Amino acid sequence: MEERARVGDGCWSWLTSQRDAFTPFREDDPVRPKRLLAYGELAGILGCCLRRGARGGPVAALTSFVDDGLDGYDWEAQALRGPAFVVALLTVARFREAAGGDPAPLRAVVARHLALGNVDALELAPYRMLELEHLLAANGLGAGRRSAYARRLRDALAPLRRSPSAFSAHDRYALTHLVFALCDDGTRDAEDVAPRRDVAMLRRLVALCARMALAEGALDVLAELVSCARHLRLDEPWLTDEAFAFAASAQDADGSIPTFREPPDVEDARFFQRYHATLMWAHAAT
Amino acid sequence: MSGALADVARAGAWLRMAAVLARAAPPEPGRRGALALGLALAAALAPDAALDVAADEAARALAAAGAITPDGPDAGPAGLVAALRPGTAPALDTARAALRAAARALDPVAASGETCATALRGDEAAVTALCERAELAGVAGDAGWRRELGLALTARAFSAARAPMKAAFAMRLLRVVAARRLDPAARAETVAFVRRLQRVDGSFGHLPPQTVLSGDLRLAFHLPWTVAALRALHDALAAAPLIKIALRSARPGRRPSPR
């Protein structure tokens with residue numbers, strides 16, 4: 001528990017110190033799309049924490065930061081540029097609601113895209129389509145889409161019905177995102193929306209993939225899998241303790257946790273190498 | 001599992017071919033034992049008249065070669081062959097008795113957090129040593145820790161197999177999980193994993209693609225891989241794992257437990 005708290009405190013501290021780097025609303029930013037993605041992911045994780053009742057110091061501070069920035073950006077224009085952006089819009093709308101704000105204007109943009117058929121015409125990976133369907137329902141836009149949800153769930157599960165020895169790195173992220181969607185980020189039981197047999201399969205996959213990630217030192221996906229194990233109510237204190245001990249050993253003095261490599265000449269390379277894993281470990285520890 | 005048994009039969013056919021070729025080649029240390037064990041495993045899993053004949057011939061050839069010295073490479077396989085084809089030759093029975101004695105001299109592996117951490121993150125030598133002891137002497141601990149050790153070994157195996165040339169190490173780990181019934185859910189995954197490694201001709205084993213083997217070298221390279229794959233398949237598919245069959249009656253008055 002001590003290491004879990006240490007990892008969490010360090011991660012939130014670093015994330016709080018990186019508010020400038022998370023800000024996508026600046027002129028002539030050469031890496032704005034990447035920064036926008038990071039901002040959206042921060043909003044998504046904060047939304048999860050808020051819905052689970054975690055509203056303490058760093059969550060509150062970052063929530064204010066993200067919420068303050070929302071109105072200074074034309075989200076509708078961004079969605080008109082690329083319809084796939086509705087996923088980010090729905091994420092941000094959920095965050096706004098969890099933060100106590102009004103998500104209606106953001107939802108109205110998505111409703112317009114739905115009415116035009118843009119959403120159903122999207123071609124995303126199956127787990128991303130399920131995520132989209134889940135977000136539509138969670139934002140109150142899922143009326144009449146039960147059969148679409150069932151179809152998306154079937155499509156998302158299909159690539160996972162095989163031995164994890166054949167999984168690619170991408171498959172592991174597909175698994176974690178699928179579990180996050182089914183469990184509504186830890187606020188509902190997966191069996192409320194998926195057959196028990198499929199949930200049992202997911203529990204097995206999460207248990208194995210988490211251990212594989214630990215064996216390989218794959219810190220980023222390990223953090224997501226630790227959260228998945230908790231969402232699926234896998235009672236695995238040994239795994240959790242080992243995972244946090246490993247994360248603690250990899251954590252920098254400034255609290256960040258490195259994972260992805262960025263070319264050193266990318267602006268804010270250090271931030272982009274670290275923000276995702278740090279965010280995921282902050283979430284796992286909270 | 002009929003697909004898996006068909007694949008075993010293909011491996012058996014390759015081993016029969018290897019047995020024919022081996023008659024012409026000078027015996028190499030370990031090759032007779034591996035060949036006899038591979039054929040015995042294939043015959044046990046996918047019974048077939050031609051395989052039975054080949055397995056008996058290989059077992060008798062192994063016993064007659066005088067190669068089964070206590071510390072020699074054929075000793076372990078000979079003990080296992082004796083378990084699968086009992087009564088074939090006294091030399092094989094002697095090797096089986098030696099295997100039992102070696103197992104009795106070891107303490108079981110204690111399934112615990114420390115053991116699981118070694119299985120997941122220990123170096124290859126430490127994990128291999130852990131597997132040797134677990135397979136021969138068993139695993140002690142409650143059901144929860146045994147399953148946890150099974151999960152850790154399975155995960156380590158799957159992770160290791162993502163690196164080039166580590167499939168044999170992975171099969172070694174999976175075999176222990178199956179042999180000691182540490183994680184029942186891993187059996188199907190083990191079968192799927194091993195089957196994916198089989199070549200079109202029924203053999204197992206691969207070097208970097210630019211390395212093309214031929215002739216006797218090819219036989220020598222693929223033989224141990226094929227036997228290792230068959231052992232993993234046997235322990236995942238058969239009612240009783242090979243090591244338990246070999247050690248049966250090792251401790252008077254004790255019957256092997258089904259788990």
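Residues numbered from 1 in each chain as written. Chains lettered and ligands numbered in written order. Predicted model: local features only at pLDDT ≥ 70, side-chain atom pairs only at ≥ 80, totals over all residues.

This part takes up the overall build of chain A. When helices and strands are counted, chain A shows 14 helices and zero strands. Counted from the first residue to the last, chain A has its helices and strands arranged as α-α-α-α-α-α-α-α-α-α-α-α-α-α. The C-alpha radius of gyration computed for chain A amounts to 18 Å, which stays within 12% of the reference 19 Å derived for 286 residues, consistent with globular compactness. Once the C-alpha set of chain A is aligned to its principal axes, its extents read approximately 50 × 45 × 35 Å. Within chain A, the proportion of its 286 residues that are buried is 47%. (Helix = DSSP H or I, 4+ residues; strand = E, 2+ residues; numbered from the N terminus. Rg over C-alpha atoms; globule rule 2.2 N^0.38 Å. Buried ≥ 20, exposed ≤ 12 C-beta atoms within 10 Å, placed from the backbone.)

This paragraph deals with the overall build of chain B. Secondary structure summary: chain B contains twelve helices and two strands in total. Moving toward the C terminus, one meets the helices and strands of chain B in the order α-α-α-α-α-β-α-α-β-α-α-α-α-α. For chain B, whose C-alpha radius of gyration is 18 Å, the value lies close to the compact-globule estimate of 18 Å for 259 residues. The principal-axis extents of the C-alpha atoms in chain B amount to approximately 50 × 50 × 35 Å. Taken across its 259 residues, chain B has 49% of its residues classed as buried. Long-range contacts, defined as pairs at least 24 residues apart, comprise 69% of the intrachain contacts of chain B with a sequence gap of at least 6. (Contact = placed C-beta atoms within 7 Å.)

Residue and element names in this part refer to chain A. Running from N to C, helix α11 (residues 196-216) and helix α13 (residues 237-250) cross one another at 30 degrees; their axes reach a closest spacing of 11 Å. As far as their axial angle goes, α13 and α11 are roughly parallel. Crossing of α11 over α13 shows left-handed handedness. The residues of α13 that touch α11, namely those facing Ala210, Arg211 and Leu214, are Leu239, Glu242, Ala243 and Phe246. Here the contact of α11 with α13 is composed, by residue class, of five nonpolar, no polar and two charged. (Axes fitted to C-alpha atoms, helices over the stretch in contact; angles between N-to-C directions. Parallel < 35°, antiparallel > 145°, perpendicular 65-115°, else oblique. Left-handed = near helix turned anticlockwise from the far one by under 90°. Nonpolar A, V, L, I, M, F, W, Y, C, P; charged D, E, K, R; others polar.)

What follows is about the environment of Ala104 of chain A. As for its placement among the helices and strands, Ala104 of chain A is situated in helix α7 (residues 104-115). Taking the C-alpha atoms as reference points, Ala104 of chain A and Asn139 of chain A, separated by 35 residues in sequence, lie 9.4 Å from one another.

Moving on: helix α4 (residues 75-84) of chain B. Residue and element names in this part refer to chain B. The element α4 is largely enclosed, with a buried count of nine among its ten residues. Here α4 has its buried residues at Gly76, Pro77, Ala78, Gly79, Leu80, Val81, Ala82, Ala83 and Leu84. In this structure, the buried side of α4 is in contact with α2 (31-45), α3 (49-64), α5 (90-104) and α12 (242-247).

So, on to the domain arrangement of chain B. Residue and element names in this part refer to chain B. Domain annotation for chain B reports domain 1 (1-105 + 201-259) and domain 2 (108-196). For domain 1 versus domain 2, the distance between C-alpha centres works out to 21 Å. Only α1 (2-24), α5 and α11 (215-237) provide two or more residues apiece to the side of domain 1 that touches domain 2. Among the elements that line the side of domain 1 that touches domain 2, the one with the most residues is α11, at nine residues. (Domains from an automatic or database assignment.)

Residues and elements named next belong to chain A. Looking at where Trp12 falls in the secondary structure, it is placed in helix α1 (residues 2-17). By the C-beta count within 10 Å, which is 25 here, Trp12 ends up buried. C-alpha separation for the pair Trp12 and Phe85, spaced 73 residues apart in sequence, amounts to 27 Å. Setting aside residues no more than four positions away along its own chain, Trp12 makes contact with Pro58 and Ala282.

Before going further, it helps to examine the interface of chain A and chain B. The partner chain B presents 19 residues to the 14 residues of chain A that form the contact. Residue assignment for the side of chain A that touches chain B shows that the elements contributing at least two residues are α11 and α13 of chain A. With eight residues, the single largest contributor to the side of chain A that touches chain B is α11 of chain A. Within the side of chain A that touches chain B, the residues separate by chemical class into eight nonpolar, two polar and four charged.

Residue and element names in this part refer to chain B. A residue-level look at chain B finds 95% of positions with pLDDT of 70 or above and a mean pLDDT of 90. Of the regions scoring below 50 in pLDDT, residues 250-259 engages in six contacts with residues more than four places distant in sequence or in other chains. Across the assembled chains, the prediction reports ipTM 0.84 with pTM 0.88. (pLDDT = per-residue confidence, 0-100.)

Residues and elements named next belong to chain B. Taking 1.5 Å of rise per residue, the 13 residues of helix α9 (residues 167-179) would be expected to cover 18 Å, and the 18 Å separating its terminal C-alpha atoms lies within 8% of that figure. With eleven of 13 residues buried, α9 lies mostly within the body of the structure. Among all positions in α9, only Ala167, Ala170, Met171, Arg172, Leu173, Leu174, Arg175, Val176, Val177, Ala178 and Ala179 are buried. On the buried face of α9, the contacting elements are α7 (124-137), α8 (143-160), α10 (186-196), α11 and α12. Two residues or fewer after α9 comes Arg181, characterised by a positive phi angle close to 50 degrees. (Expected span 1.5 Å × (residues − 1).)

All right, on to the environment of Leu106 of chain B then. Residues and elements named next belong to chain B. Here Leu106 lies in the loop between α5 and β1 (109-110). Residues Leu106 and Ala134, spaced 28 residues apart in sequence, show a C-alpha to C-alpha distance of 9.3 Å. Contact partners of Leu106, with chain neighbours within four places excluded, come to Arg133, Leu136 and Ala137.

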